[in-house]
Structure formats: C-alpha cells, structure tokens
Amino acid sequence: MAIIVEHDKRKHEILEKSLELFTREGYDDVTFQKIADACGITRTTLYIYFKNKKEIFTWSIKQMTGELEVKLMEILADKTLSAEECLRRIMYWIIDICEQNRPLFNVLLIYLINLQKTGVNAEERVNRRVIRIKHLLSMIIIQGQKRGEFRKLPVKTVNTMLYSLVESAIFEIAVINKSDVSEVKASIDLVIQGLVQ
C-alpha cells in the first residue's frame, strides 16, 4: 500500500512541476528531459510514470481541473448560500482562477491550435475537461428553479450562456491579454439577475 501511495505522491509532484514548467516556457519549448531535470529525476524514472510529454501535459491539465472541481463542490455544499449566491460565487471564482492562470491559458491556447492543425478535434478535448463544471452549473440552476429562486428557463440555454462568459474571459485573458475582467463579471451579474424570480 505504501508503494502505491508513494507512486501517486511522486506522480502528483511531477505533474505540478511540469505544469509550472509548461506555463513558464510554453508547451513547444519543454522537453521530456527538461521535465525530468525540473523534477530532479532521470528520464528513465520519468518513463515509469508517463510515456511522453503530451501525456504529462494532458494529466497536468486534468489534475488542475480536478482541483477546480473540488473547490466548486465545496461552494456547492455550502447550504447557507442561496442558489443565486452560489452561482455568482462559483462563476466569479472560475473567472478569478482564469485570471490567475493567465500564462497557462496562453500555453493551452497554442497547444489547442496545434492539435487542431494535426486534425485532432480540439473541441472534444476541451469538452472532456469541462463537462463536470458544466454539470455543476446545471445542478445549481436546477436547484434554484426547484426552490423557486430562479425562473423556469431552459437549463441548457442558461448553462450555455454562463459557460460562454467563461470562454469569453479566457479569450480576453489568453488572446488579447486583457488584465481587467470586470466586464465579464458584470455580464455574469446580468445573466444571474435575469434568472432571479
């Protein structure tokens, strides 16, 4: 059992250090050897955990989105919040995380563009990583409707509007390098206000 725990702990550390490296140097400039060096291990040892750089990058993103989901679940579990407060807090938190991880989104954008050039469906890859977040948003909307806090609007449509605001924030952060996302937060407030009975 201790060997499995140690293996998982080392894997987690590799992913964290790799994500820092990808963020600092960009996906294309990071090599398997650079990852091994950053982790203080040999390439041979790194191969025990991952087969290539792409797998490490993918797992790093998966680990980050997993941590994001844990925080979102904590907010969702707070029964003292109304559906409106819960939704606003979650949306603001997601936007703040995007803003704090600006360099990562720059790297991710380039990575996705390069994937698309090779014929890989980038949208499918992104959807795999965010489907749980979209599901959580739907849960809050449904919960708010059941409690009578939110108007009975199509859940999928509302979810699409909210998630589009997240995508808008990511675009503004990663593509046009905008440092102020207050307009996106104001748009979130407007959409949420439109939900409230």
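Bear in mind that the values here come from a model prediction, so they are computed numbers and not experimental data. (Residues numbered from 1 in each chain as written. Predicted model: local features only at pLDDT ≥ 70, side-chain atom pairs only at ≥ 80, totals over all residues. Heavy atoms only, no water.)

Caption draft 1: How the structure looks around the packing of helix H5 (residues 83-100) against helix H7 (residues 122-146). Contact pair H5 / H7: the axes reach a minimum separation of 9 Å and the direction vectors enclose 160°. Comparing the axis directions of H5 and H7 gives the class roughly antiparallel. Like other packed secondary-structure pairs, H5 and H7 cross with a definite hand, here left-handed. Counted together, Ala 83, Cys 86, Leu 87, Ile 90, Met 91 and Ile 94 of H5 and Ile 133, Leu 137, Ile 140 and Gly 144 of H7 form the full contact between these two elements. Class assignment of the residues belonging to the contact of H5 with H7 gives a composition of nine nonpolar, one polar and no charged. (Axes fitted to C-alpha atoms, helices over the stretch in contact; angles between N-to-C directions. Helix = DSSP H or I, 4+ residues; strand = E, 2+ residues; numbered from the N terminus. Parallel < 35°, antiparallel > 145°, perpendicular 65-115°, else oblique. Left-handed = near helix turned anticlockwise from the far one by under 90°. Contact = heavy atoms within 4.5 Å. Nonpolar A, V, L, I, M, F, W, Y, C, P; charged D, E, K, R; others polar.)

Caption draft 2: Quick peek at the packing of aromatic side chains. One pass over the full model with this rule turns up six aromatic pairs. Plain terms: the ring middles of Tyr 27 and Phe 57 are 5.0 Å apart, the flat faces sit at 65° to each other, and that makes the pair edge-to-face. Within this pair, whereas Tyr 27 is found in the loop between helix H1 (2-25) and helix H2 (32-39), its partner Phe 57 is found in helix H4 (residues 53-77), the two being separated by 30 residues in sequence. Phe 57 carries the same exposure label as Tyr 27, and that label is buried. Relative to Tyr 47, the ring of Phe 32 lies with its centre 4.4 Å away and its plane at 35°, an arrangement referred to as tilted. (Phe/Tyr/Trp six-rings, centres within 6.5 Å; stacked < 30°, edge-to-face > 60°. Buried < 20%, exposed > 50% of the residue type's maximum accessible area, 1.4 Å probe, protein only.)

Caption draft 3: Local environment of the environment of Ser 187. Residue position: Ser 187 is located in helix H9 (residues 182-195). With 22 residues separating them along the chain, Ser 187 and Leu 165 place their C-alpha atoms 7.5 Å apart.

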